[in-house]
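Understanding the architecture of this molecule
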Amino acid sequence: MYYFSPCVCGCCGALRPRYKRLVDNIFPEDPEDGLVKANMEKLTFYALSAPEKLDRIGAYLSERLSRDVARHRYGYVCIAMEALDQLLMACHCQSINLFVESFLTMVRKLLEADKPNLQILGTNSFVKFANIEEDTASYHRSYDFFVSRFSEMCHSSYEDPDSRTKIRMAGIRGLQGVVRKTVNDELQANIWDPQHMDKIVPSLLFNLQQEEGIERHLDNHSLWESKTFAVRCFTIIMYSIQSQHSHLVIQQLLGHLDANSKNSARVRAGIVEVISEAAVIEASGSIGPTVLEVFNTLLKQLRLSVDYELTGSYDSFANMGSKVIKVHEERQLQEAVIKTIGSFANTLPTYQRSEVMLFIIGKIPVPVSVSCFRVEGSRMIQIMLLKSLLQVTGFQSTNILTALPTSFLDPLLSFTLMEDAEIRLLVLDILISIIDRHDNRHKFSPVRIISDISVLKLKVDKCSRQDNLFMKKHSQRLYRHIYLACKEESSVQRHFESLHTLLGLICVELANEEVVVDLIRLALALQDLALTEEALPVYNRCAIHALSAAYLNLISQLTTVPTFCQHVHEVIESRKKLVPFLLPEDVLVEKKVEGEVLFVQAKIAEMLGGSGYNTERLATPYIPQITDEDRLSKRKSIGDTVSLQLEMESRNSPEKEQRSTAEQITFETLKQAIVDSVNVEELERERRRQVVERFQTAPFEEIAAHCGARASLLQSKLNQIFEITIRPPPSPSGSVGNGHGRSHSVPVYEMKFPDLCVY
């Protein structure tokens, strides 16, 4: 056996490589004293001076750390990792790649240990390393182990709750470091690949969940249905990313919604709810250039939901019993989609809302099929899209011309003529929402007689030039649709309340002197309608009287003409005593209406004229012009259509013409004609005078109605002529043959008439 003296050992130690001696010197005798800072500075200076030694320094530190871990000398382990961290922060040279390999080997050794403190220590070092921007690219480095290990730490089930929480948090920070380190490194594997995301995403979702001991994922574990967890997840995501990238999250959610179009209604509703919350979090205009695509996707889901509800199946080619459709769940989904449309609309500027309004109204179908199934489907889609449109219209536009362009107003007003009461009510609500620019709508409800409207505190501004242009262009059409809406037999209390609100808003938002006179004409026309339209139900006639009374009470106080106000007050007081059911507070029973309980047009004209109003138009009763739109919108029943066709055929049949008695021309007839011809010239002059006077004084709608009637008469005459030309009467030459053959007709243009008949 050989023995070595201490001096020999000291001599051998001096022969060790310098980098090893420098590494050994950073470790104190007592690990509690921590890293020897002076010696660490020497080691760092040496590494910077001789960067080719970095890989050896790293390998030696790794060797020492492995030995200390095996011997449970954890104080020295911490010192070794601190030294590694400082070397990494100080050295940025081409040789650092080999040193990093040693560093990652040591981190891996710590992460594989059973001690929570070692796992956290290794994670902290890796996070520091992830924040370093390396000067050179790495060709052979792999982070697959770290993705897997950090994901395992995220699911830690360590017994001690505090340690378990620390390990899970370390796992999350480690995953953040991996993503940060690899996302911009083109030489590394794509971190967004499914093999990595299938580990990272469930780990994050597991820690977002508050429930303990249950491992779940959104799709795999039905977490869309509960909504709460999914909303919380995406709320964190929306607040965590930069605002300019938020629309990408929304687009991903919309794509996921499309991919789950045939999933259960609860799943789709959960996704829609998340989209709605994400839109609320995002700033204005977050959905970027694909605004209409977002609304198109939501409207498509709305249509699909209606189809599912009607067919009872998610697939029209599948068996009806393949999946059970729950109607109440589909209804909840539809409401969620409508709410989400409103959430998106609230993030948009005014001009984009106008585009969305036009887009939605263009999607509303008009039912043309006789199939009850298709008609019901069209009706449901109409109602859902109108509800969606109502969500979009909740904004205050300073320019009514841009808020209600012709391309939007025309199709919208056409729906006020439909037979469905719910559709008509939605259209009224949409008009109210757009016209009300000063939040006055709630002040007109409930409909009541107010002795002093100042208590309503109405916000009234002077009409702008755009408002006047709008009323010049569209006022008569608005009046006509309001008048025709009052004639609907299916109208109920809410319809009349909405009509009163709409009239009140027109009065305070868009009225000038001319509009006020027209509104009074309209109110009086509604009173006449209730008197003459006996086909209307009793309630409707009383409600129209009440509507007219409440509105004239409002407009009389707004005009501030004392005599006008006095007349309205007197009529209302008379109604309170005699016929209270003609007032909005008590519309119940029917009674004959006449005399002092009616508003007198002549008195109102006289009173307004005395205050400077031009009342010539009040002398002409308001009569709405009926257009082709009205005729097409009112869909008759099959029985009405058949009876109308039979009536027209009976009128135009040749047998009818043959049965009519020919007019007899006698001597007395000729004598009377000669006598009457004396006054023909005088009558013609009078007729011409009346025509000129009519065109000078009559309102435009009356002239248009008259011209339209003449055009219709001319068209009917032309149709008769064409009918005769296409199907001429029997030829004067009679039939050909012995009487048993078929009679042949000669076209009119080939018939030969006697010379005396030819002019």
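That block above? That's the structure.
Residues numbered from 1 in each chain as written. Predicted model: local features only at pLDDT ≥ 70, side-chain atom pairs only at ≥ 80, totals over all residues. Heavy atoms only, no water.

Observations concerning the nonpolar core
Heads up, the rule is: The definition of a nonpolar core used throughout is a set of buried Ala, Val, Leu, Ile, Met, Phe, Trp, Tyr and Cys residues joined through side-chain atoms within 4.5 Å. Think of it in three bands: with a 1.4 Å probe and only protein chains considered, a residue is buried below 20% of the maximum accessible area for its type, exposed above 50%, and partly exposed in between. For the purposes of this entry, the term helix denotes a DSSP run of H or I that reaches at least four residues, the term strand denotes a run of E that reaches at least two, and both are numbered from the N terminus. Where each domain starts and ends comes from a domain assignment, either automatic or drawn from a database. Here, two residues are considered to be in contact whenever any of their heavy atoms come within 4.5 Å of each other.
Leu 389, Phe 408, Leu 519, Ile 520, Ile 555 and Phe 564 are the most contacted members of the largest nonpolar core, which has 139 residues in total. The element contributing the most residues to this core is helix α24 (residues 513-532), with 12 residues. No fewer than three residues from each of domain 1 (213-315 + 323-329) and domain 2 (439-625) sit in this core. With sequence-adjacent residues up to four places away left out, Ile 555 is seen in contact with Cys 507, Val 516, Leu 519, Ile 520 and Phe 564. With 55 residues, the next largest nonpolar core counts Tyr 19, Leu 88, Phe 103 and Ala 113 among its residues.

Looking at the environment of Arg 480
Here Arg 480 is to be found in helix α22 (residues 465-486). On the basis of relative accessible area, Arg 480 is assigned to the buried category, the value being 6%. Taking the C-alpha atoms as reference, Arg 480 lies 9.3 Å from Tyr 622; in sequence the two are 142 residues apart.

Considering the pattern of salt bridges
Heads up, the condition is: Salt bridge, as used here: a side-chain nitrogen of Lys or Arg that lies within 4 Å of a carboxyl oxygen of Asp or Glu.
Taken as a whole, this structure holds 22 salt bridges when the rule is applied. For the salt bridge of Arg 617 with Asp 518, the shortest nitrogen-to-oxygen distance reads 3.2 Å. Here Arg 617 is found in the loop between α27 (601-610) and α28 (628-633), whereas its partner Asp 518 is found in helix α24, with 99 residues between them in sequence. By relative accessible area, which is 24% here, Arg 617 ends up partly exposed. In this structure, a network of salt bridges that share partners links the residues Arg 379, Asp 420 and Glu 422.

A short note on a negative patch on the surface
We count it as follows: Exposure above 30% relative accessible area and no salt bridge define the residues that can form patches, which grow by joining like charges within 9 Å and nonpolar side chains of Val, Leu, Ile, Met, Phe, Trp and Tyr within 5 Å. Accessible surface is estimated by sampling points in the Shrake-Rupley manner with a 1.4 Å probe; for residues, cover comes only from the protein chains shown. Note that His is not counted, nor are the chain ends; the positive residues are Lys and Arg, and the negative ones are Asp and Glu. To locate a charge, take atom NZ for lysine, CZ for arginine, CG for aspartate or CD for glutamate.
On the surface, Glu 29, Asp 30, Glu 32 and Asp 33 cluster together into a patch of negative charge. Note that Asp 30 resides in the loop between α2 (18-25) and α3 (37-49).

Here's the deal with helix α25 (residues 538-559)
In plain terms, the rule: For a helix, the expected span equals 1.5 Å multiplied by the residue count minus one.
Over its 22 residues, α25 extends 32 Å from the first C-alpha to the last, a length consistent with the 32 Å expected when each residue adds 1.5 Å. With 19 of its 22 residues buried, α25 lies for the most part within the structure. In the stretch just after α25, Thr 560 is the one whose phi turns positive, near 55°.

That is the geometry; function is a separate question.
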